[in-house]
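# Structural description and commentary
Chain residues, written in single-letter form:
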Amino acid sequence: MSRKHLEEKRKCKAGSGGFTLVETLVALCLGVLVVAGLASFFRAQGGALKIQEGIVEIRQNLRAAMAAMTGELRMAGFNPLRRMPLGISAAGGDAITFRLDRRSDRDGIDNDGNGLRDNSDPGEKHIPNGTSEDPNECITYRLYKRGGETVLGRSSTRNGFPQPLAECVESIRFSYYGDTSGIPLAVPVADPGKIRSIGIVLTGRTAKPDPVTGEHRTFTLASRVSPWNLQ
Ligand SMILES: [Ca+2]
Ligand SMILES: [Ca+2]
Ligand SMILES: [Ca+2]
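This structure is a prediction, so every number in the text was calculated from the model and none was measured.

## Some details on unusual backbone geometry
- For the bond running from Val-187 to Pro-188, omega is -10°, close enough to zero to count as cis.
- Positionally, Pro-188 belongs in the loop between strand E6 (169-177) and strand E7 (197-205).
- Look at Asp-118: it is not a glycine, yet its phi comes out positive at around 50°.
- Mapped onto the elements, Asp-118 comes out in the loop between strand E2 (95-99) and strand E3 (138-146).
- Not every positive phi belongs to a glycine, and Asn-136 is a case in point at roughly 65°.

Written out as C-alpha cells, the structure reads:
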C-alpha cells in the first residue's frame, strides 16, 4: 500500500470518529428531553398510586366503621329482663342514640353463684341487670369536628364525649322505617318506638386531594339494619 493511500485512510478515520459541536448539542437536548419525559411519567405514576392508596384507605375505614355500627345497632333494644323499655331513644337524620342492657358488673352480687362477682367474673360482666346505665349501654353515633376535620364518633354513655370511629368522613345519613313499605319515617322520628329498621349512608373522602383535579375523591357506603329486638 502506498504512503499516500495510508495517509488518506488515516484522515478518513479521524473524521468519522468524532462529533461536531452541533451534533453534541442536539444529543444533549434529546437526552434532556428523554429524562424530563421519564421524570414526568414517573411523577404521574406516583400521583396515581397515591390516589389509589387514598381511595383504598378511605374504603377500608368506612367499611370498618359501617361494620362496627351495624353490628352494634343489631343489638339495639336488647333487654332480656324487660324492667323498662329500651331501644332507639333519639333518631335524627345525622345522629342516632340507642339503648340496650347487656351487662351488670357493678351490682355487688355474685349473680351466677360461682364465687366470683362483678368485674372479677368474666362471665358475669355480661349478665343484664335491667337498666341501661352501665358502660356501652347508651350509644350515640354522630359526626363531630376535631381539628377542622369531620370525624364519625361513638359515645358509649349518656352525654359521653364521642370517640373517633372513622376519620375523613364527609356525611352520614340515617333513615328509619316502621314497616316494609320502603317509605322512611320523617326525621327526627317523633316516636322512635315505631322504628323497625335503620338505613345508613356513609360518605368519606380521601385525606389528600387529587393532584390533577385538586378535588378530594369520595366514597359512599350504604347499609340497612333490622335490630332483632325491635321486630
Ligand atoms: Ca345494664
Ligand atoms: Ca359470679
Ligand atoms: Ca354482679
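## Observations concerning the sheet that holds strand E8 (residues 218-225)
- Pairing is antiparallel in the open sheet, where 3 strands are placed in the order E6-E7-E8. If you trace the sheet from one side to the other, it starts and ends with E6 and E8, each paired once. Across the sheet, the mean angle from the axis of one strand to that of its neighbour is 10°, orientation sign disregarded.
- Pairing geometry for E7 and E8, over 8 bridges, is antiparallel. Note on E8: the bridge partner recorded for Ile-198 is Val-225.
- Set on the sheet, helix H2 (residues 21-73) makes contact with E7 and E8; between it and E8 the angle comes to about 15°.

## Section: the environment of Asn-119
- Within the fold, Asn-119 resides in the loop between E2 and E3.
- For Asn-119, a count of 10 C-beta atoms within 10 Å translates into the label exposed.
- Spatially, the C-alpha atoms of Asn-119 and Gly-108 are 9.4 Å apart, while their sequence positions differ by 11 residues.

## Considering the environment of His-126
- Within the fold, His-126 resides in the loop between E2 and E3.
- Separated by 24 residues in the primary sequence, His-126 and Arg-102 place their C-alpha atoms 5.8 Å from one another.
- Residues contacting His-126, with those up to four places away along its chain left out, are Arg-102 and Arg-103.

## Structural notes on the pairing of E3
- Across 5 bridges, the pairing between E2 and E3 is antiparallel. Counted as the bridge partner of Arg-99 is Cys-138 from E3.
- Taking the residues that link successive antiparallel strands as the turn, the E3-strand E4 (residues 149-155) hairpin has 2 residues, and the phi of Gly-147 there is positive, at about 60°.

## What about the domain arrangement of the chain?
- Assigned domains of the chain: these are domain 1 (3-47), domain 2 (55-101 + 137-230) and domain 3 (103-135).
- Averaged C-alpha coordinates put domain 2 and domain 3 at centres separated by 29 Å.
- Listed as interface residues are 11 residues of domain 2 and, on the opposing side, 8 residues of domain 3.
- Of the residues in the side of domain 2 that touches domain 3, the class split is 5 nonpolar, 2 polar and 4 charged.

Cut-offs applied
Residue numbers here run from 1 along each chain, matching the order of that chain's written sequence. Naming scheme: in the order in which they are written, chains are lettered from A and ligands are numbered from 1. For a predicted model such as this one, the threshold for reporting local features is a pLDDT of at least 70, and the threshold for listing and counting side-chain atom pairs is 80 or more; totals across whole chains, interfaces and linings nevertheless cover every residue. Runs of H or I in DSSP of at least four residues are treated as helices and runs of E of at least two as strands, each being numbered from the N terminus. We call two strands paired when DSSP finds no fewer than two bridges between them. The axes used here are C-alpha line fits, helices contributing only the stretch in contact, and every angle between their N-to-C directions lies in the interval 0 to 180 degrees. Think of it this way: build a C-beta for each residue from its backbone, and any pair within 7 Å is a contact. Three exposure classes are used, based on other C-beta atoms lying within 10 Å of a residue's own C-beta, which is placed from the backbone: buried for 20 or more, exposed for 12 or fewer, and partly exposed in between. Delimitation of the domains relies on an automatic or database domain assignment. Polarity classes work like this: nonpolar for Ala, Val, Leu, Ile, Met, Phe, Trp, Tyr, Cys and Pro, charged for Asp, Glu, Lys and Arg, and polar for all others, with Gly in that last group.

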